[in-house]
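Here is how the chains run, residue by residue.
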Amino acid sequence: MHSSSRQPLESYPGIRLRIGHYIGGKTMLQQEGRNGPVYDPSIGQQIAQLDFAGVPEVQAAVQSAAAAFPAWSELPPPQRVRVLFRYRELLLRDQSRLAGLITREHGKTLADAGGELQRGLEVVEFACGIPHLLKGGYSDRVASGVDSWSLRQPLGVCLGITPFNFPAMVPMWMYPIAIACGNTFVLKPSEKDPSCPLRLAELFSEAGLPDGVLNVINGDQRTVEYLLGDERIAAVSFVGSTPVAEHIYAEAGRRGKRAQALGGAKNHLVVMPDADLARAVDALTGSAYGSAGERCMAISVAVAVGQAADPLVKALAVKARSLHIGPGTQPGVDMGPLVTASHRERVLSYIDLGLKEGAQLVVDGRECRVDGHAHGFYLGACLFDRVTPAMRIYREEIFGPVLVVVRVPDIDSAIALVNQHAYGNGAVIFTTSGNTANLFMRNVQAGMVGINVPIPVPMAFHSFGGWKRSLFGPLHIHGTDGVRFYTRLKTVSQRWPEASGQGPVSLGF
Ligand code: NAD
């Protein structure tokens, strides 16, 4: 272990009472303008104040990225990735304290925060191979004396807008690949947990990234509108809720920017009667309630097929009641608080709604209390049985520790159920039959499929993305799709005649 990782979090440079922006390689605070609170959800108290960028800060960040682009894009890819190799070492050095920053503002357990950093680190490692990934194709002699080849060139200034639930991993899905491809980047992280992304940018500078190549601009919806209005931004990657994803995709397209916008989810896990019940129950519990259900790949619908239903609901209820809820920093805690008081209220309103809609609340987490943390944003695990596809608690994304069970008679109706849902991020089946698994995998309409794997998040060298209203745009994020998104193709045809042409001019095609 590196010696610096033993330093306490309190003395880590990422801890700030006032949080500003990172522009041109410098951390800066605003003299005036709007701001907002940042909370520690485990105690329910404000711990910092965040500057919300106005037009001058947005312009300064985009200007700094635009000014850095010519030199950075001209640097040969093998030299660019040397900075990424050094960055990887610094991320490893600071991993536990970066995890501390995440837990402090998001609420998830330290283990979970470390896990998301690991997934982000894997994208940095993938981006270290960019010289290979940028190789184009070459065709010798496409016509007499003519050769042709393709190359991928960077786009310019790219923008990333990211959600609260993965304050490190989701930004790292974007900027390492964009920057390795030769672009410069402006990141607008979530206003709910901004400290870790800001620190990630500072560490990239420490690794040797030239000033202006990565900028972080904090703020809310208005800041995003200012950013989208800047014509120097060539491409936008967005991850967040579906209504905002749809808006950003349309707005970016209207302004002639390349865009990819990943939205919300309602991921189903189908339990067949032949499934290993104990494994399915463990998988469901971890994926539904891990990170308090605030994961885009959380399972929020259990589809119980035939006779699987009664034993499944019984075993799930036992597990849900046994979860240990408390601050994410405390050892042994399974589930931390929700991110904000207002998000907790929203999730509570869905529990009321489910009762009104006639679903059966088998486990009620509303009375959860955590000793010594009376004001934390905690909510216990909730389990609804006998939920129907017409209910809003089935159709809408709740994004909290609420699992709903829908009972269906057979695999065909299970697949039809998943396919009729508006979202198509992930879909999972638990079965011991290869035939059933294959039928499901081939026919299910979702971008990421799990077979006896509860959270089928693709590794960095594959691409991440959903179908239907979970993704707007043709390309998934990271992996080879990420390289395609952050570059544009140029195809060259070349002839070197030995002497100047003397024949008649041809107008043929
Ligand atoms: P959100 O949509 O509220 O916010 C995401 C980002 O957009 C933030 O940076 C926010 O400041 C900005 N924003 C919010 N409203 C805006 C508006 N009207 N105009 C412009 N910008 C706006 O999402 P969230 O609550 O931070 O995150 C949770 C959501 O993200 C869930 O729906 C979850 O499913 C989704 N998510 C999806 C994926 C995926 O890969 N598909 C991954 C993580 C999270």
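If you're wondering where the values come from, they're calculated on a predicted model, not measured in any experiment.

Draft legend 1. Representation of the overall build of the protein chain within the structure. What the protein chain contains, in helices and strands, is 15 helices and 23 strands. In summary, the protein chain has a C-alpha radius of gyration of 25 Å against a globular reference of 23 Å for 509 residues, a match within 12%. The dimensions of the protein chain, computed from C-alpha atoms along their principal axes, are 85 × 55 × 45 Å. If you sum the accessible surface of the protein chain, you get close to 21200 Å²; carbon and sulfur atoms cover 53% of it.

Draft legend 2. The sheet that holds strand β16 (residues 382-385), seen in detail. Pairing is mixed across the open sheet formed by seven strands, whose spatial order is β15-β16-β17-β14-β13-β19-β20. Two strands bound the open sheet, and with one partner strand each, they are β15 (360-363) and β20 (448-451). Put simply, the sheet's adjacent strands are angled 20 degrees from each other on average, direction ignored. Strand contacts of helix α11 (residues 341-357): β15, β16 and β17 (402-408), with the helix running at about 25 degrees to β16, the strand carrying the most contacts.

Draft legend 3. Inspection of the domain arrangement of the protein chain at higher detail. Domain boundaries in the protein chain define domain 1 (3-263 + 470-491) and domain 2 (267-451). On a C-alpha basis, the centres of domain 1 and domain 2 stand 31 Å from each other. Buried area between domain 1 and domain 2, both sides added, is near 1800 Å², and the carbon and sulfur share of it is 62%. Taken together, the links from domain 1 to domain 2 amount to one salt bridge. Taken together, the connections running from domain 1 to domain 2 amount to seven residue pairs in polar contact (both at pLDDT 80 or more). Mapped onto the side of domain 1 that touches domain 2, the elements with two or more residues apiece are α2 (77-106) and α3 (110-127). Top contributing element to the side of domain 1 that touches domain 2 by residue count: α2, with three residues. Its residues assigned to classes, the side of domain 1 that touches domain 2 comprises six nonpolar, nine polar and four charged.

Draft legend 4. Structural context of the pattern of salt bridges. For the structure shown, the criterion picks out 27 salt bridges. Between R366 and D352 there is a salt bridge, with its nearest N and O atoms 3.2 Å apart. Here D352 lies in helix α11 and R366 lies in the loop between β15 and β16, a separation of 14 residues in the sequence. Its relative accessible area of 23% is what places R366 among the partly exposed residues. Note that E367 and R369 form a salt bridge whose closest N and O atoms lie 3.7 Å from each other. Residues joined in a network through salt bridges with shared partners are R16, R93, D94, R97, R199, E202 and E206.

Thresholds applied
- Residues numbered from 1 in each chain as written.
- Predicted model: local features only at pLDDT ≥ 70, side-chain atom pairs only at ≥ 80, totals over all residues.
- Heavy atoms only, no water.
- Helix = DSSP H or I, 4+ residues; strand = E, 2+ residues; numbered from the N terminus.
- Rg over C-alpha atoms; globule rule 2.2 N^0.38 Å.
- Areas by Shrake-Rupley, 256 points an atom, 1.4 Å probe, with all protein chains shown as cover.
- Pairing = 2+ DSSP bridges.
- Axes fitted to C-alpha atoms, helices over the stretch in contact; angles between N-to-C directions.
- Contact = heavy atoms within 4.5 Å.
- Domains from an automatic or database assignment.
- Buried area = accessible area lost by both parts, 1.4 Å probe.
- Salt bridge = Lys/Arg side-chain N within 4 Å of Asp/Glu carboxyl O.
- Polar contact = N/O pair within 3.5 Å; in protein donor to acceptor, adjacent residues only side chain to side chain.
- Nonpolar A, V, L, I, M, F, W, Y, C, P; charged D, E, K, R; others polar.
- Buried < 20%, exposed > 50% of the residue type's maximum accessible area, 1.4 Å probe, protein only.

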